[in-house]
Amino acid sequence: MTLTDVEFKFDNSKVLFFFTADGRIDFRDLVKDLASIFKTRIELRQIGVRDEVKRIGGNGICGRELCCCSFLGNFETVSIKMAKEQNMSLNPTKISGNCGRLMCCLKYEQEVYEEKLERLPKLGAIVKTEEGEGIVDSVETLKERIRVKLKDSEGETYYKRYDAKEIEIIKNISNNIVDPEEKEHMKELQELEKLEKMDKTKVEDEI
């Protein structure tokens, strides 16, 4: 157990101890010992690392006060999929917050990205342009700009950007290319996913 914070009620009716731990802790004996020392009702509350950072405070990589400390009330589930769809770097150190979990801000624009991605072609999709058929090479989701790989009359490859409305999707298939950065950090990304699922469970007990 790592003690994070302690709260005393003004009327001395209860003392709350906040702590973090890797697994479930049986603290019944400790609660009895603390109750005999402080002569009041004791509550030990196990919190997640997100809650710990919320109580401690700090600044994010954006330079502003952490969202969880300033306005964020509830922690919503964040996934690696969100980072992928938003074309974020898949380096865990760049998409993790002070708590070591995926940044909460990945959730903010996710609905917009999902809505736009439903209309935009996928990477590897075959599309029709004013210069002929080509393959989607990259997508700027928010700007709805598409970079298409084309071939000229001599068979030479070149690239051109189009607004989404300027192209027609012929076959919206994905080429399933594995991002080299994702492959490099795959193990760390999988660990982050596991931690996100574990954080959903909070242990609380009171005497």
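Notes on the structure in this doc start here. No experiment lies behind these values; they were computed from the predicted model shown.

Right, let's get into the overall build of the protein. When you go through the protein residue by residue, the secondary structure sums to seven helices and nine strands. Expressed as a percentage of its 207 residues, the buried residues of the protein come to 33%. The contacts in the protein between residues at least 6 apart in sequence include a share of 53% that link residues at least 24 apart. One finds the centroid of the 36 positive side-chain charges in the protein at a distance of 2 Å from the centroid of its 42 negative side-chain charges.

All right, on to the pairing of strand S4 (residues 126-129) then. Every second residue of S4 is oriented toward a common face, the buried set being Val127 and Thr129 and the non-buried set Ile126 and Lys128. The pairing of S4 with strand S5 (residues 132-140) spans four bridges and is classified as antiparallel. In the strand pairing of S5, valine 127 is matched with glycine 134. Hairpin geometry of S4 and S5 is characterised by an intervening segment of two residues between the two adjacent antiparallel strands. Pairing geometry for S4 and strand S8 (residues 168-171), over three bridges, is antiparallel. Residue lysine 128 lies in a different strand from S8, and its bridge partner there is glutamate 168.

Right, let's talk about the sheet that holds S4 for a bit. Read from one edge of the open sheet, five strands run S7-S6-S5-S4-S8, paired in antiparallel fashion. Each end of this open sheet is capped by a strand with a single partner; those strands are strand S7 (157-163) and S8. Pairs of neighbouring strands in the sheet enclose a mean axial angle of 45°, with direction left out of account.

A few words now on the packing of aromatic side chains. Under the definition given, this model contains four aromatic pairs. Between phenylalanine 19 and phenylalanine 27 the ring centres are 5.6 Å apart and the planes differ by 85°, which places this aromatic pair in the edge-to-face class. Phenylalanine 27 gets classed as buried once you look at its relative accessible area, which sits at 4%. Members of the aromatic cluster, joined through ring pairs, are Phe8, Phe17 and Phe38. The ring of phenylalanine 18 carries arginine 55 above its face, with NZ or CZ at 3.8 Å from the centroid.

Now for helix H2 (residues 49-56). Taken together, the buried positions of H2 are Arg50, Asp51, Glu52 and Val53. Glycine 57 occupies a position one or two residues after H2 and carries a positive phi of about 90°.

Looking now at the side chain of threonine 20. Relative to the assigned elements, threonine 20 resides in strand S2 (residues 14-20). Using a relative accessible area of 11% as the deciding quantity, one classes threonine 20 as buried.

Applying the stated criterion to the full structure yields 16 salt bridges. We note a salt bridge from glutamate 115 to arginine 119, for which the minimum N-O separation is 3.0 Å. One end of the pair is glutamate 115 and the other is arginine 119, both in helix H5 (residues 110-119) and four residues apart, which spans about a single turn. We classify glutamate 115 as partly exposed; its relative accessible area is 40%. The class for arginine 119 is partly exposed, based on a relative accessible area of 43%. For arginine 147, the salt bridge goes to aspartate 137, with nearest N and O atoms at 2.2 Å. With a gap of 10 residues between them, arginine 147 in strand S6 (residues 145-151) and aspartate 137 in strand S5 connect regions that are remote in the sequence. Residue class for arginine 147 comes out partly exposed when judged on its relative accessible area of 26%. Note on aspartate 137: relative accessible area 29%, which makes it partly exposed.

Looking now at H5. When we look at burial in H5, the residues that qualify are Gln110, Tyr113 and Lys116. The buried side chains of H5 occupy one side of the element, clustering within an arc of 130° when seen end-on. Residues of H5 that are exposed and point over 90 degrees away from its buried face: Glu111 and Glu118. For H5, the elements touching its buried residues are helix H4 (80-85).

Each value, and the rule that gives it
- Residues numbered from 1 in each chain as written.
- Predicted model: local features only at pLDDT ≥ 70, side-chain atom pairs only at ≥ 80, totals over all residues.
- Heavy atoms only, no water.
- Helix = DSSP H or I, 4+ residues; strand = E, 2+ residues; numbered from the N terminus.
- Buried < 20%, exposed > 50% of the residue type's maximum accessible area, 1.4 Å probe, protein only.
- Contact = heavy atoms within 4.5 Å.
- Lys, Arg positive; Asp, Glu negative; His and termini not counted.
- Charge placed at Lys NZ, Arg CZ, Asp CG, Glu CD.
- Pairing = 2+ DSSP bridges.
- Axes fitted to C-alpha atoms, helices over the stretch in contact; angles between N-to-C directions.
- Phe/Tyr/Trp six-rings, centres within 6.5 Å; stacked < 30°, edge-to-face > 60°.
- Lys NZ or Arg CZ within 6 Å of the ring centre and 35° of its normal.
- Salt bridge = Lys/Arg side-chain N within 4 Å of Asp/Glu carboxyl O.
- Arc of directions from axis to C-beta.

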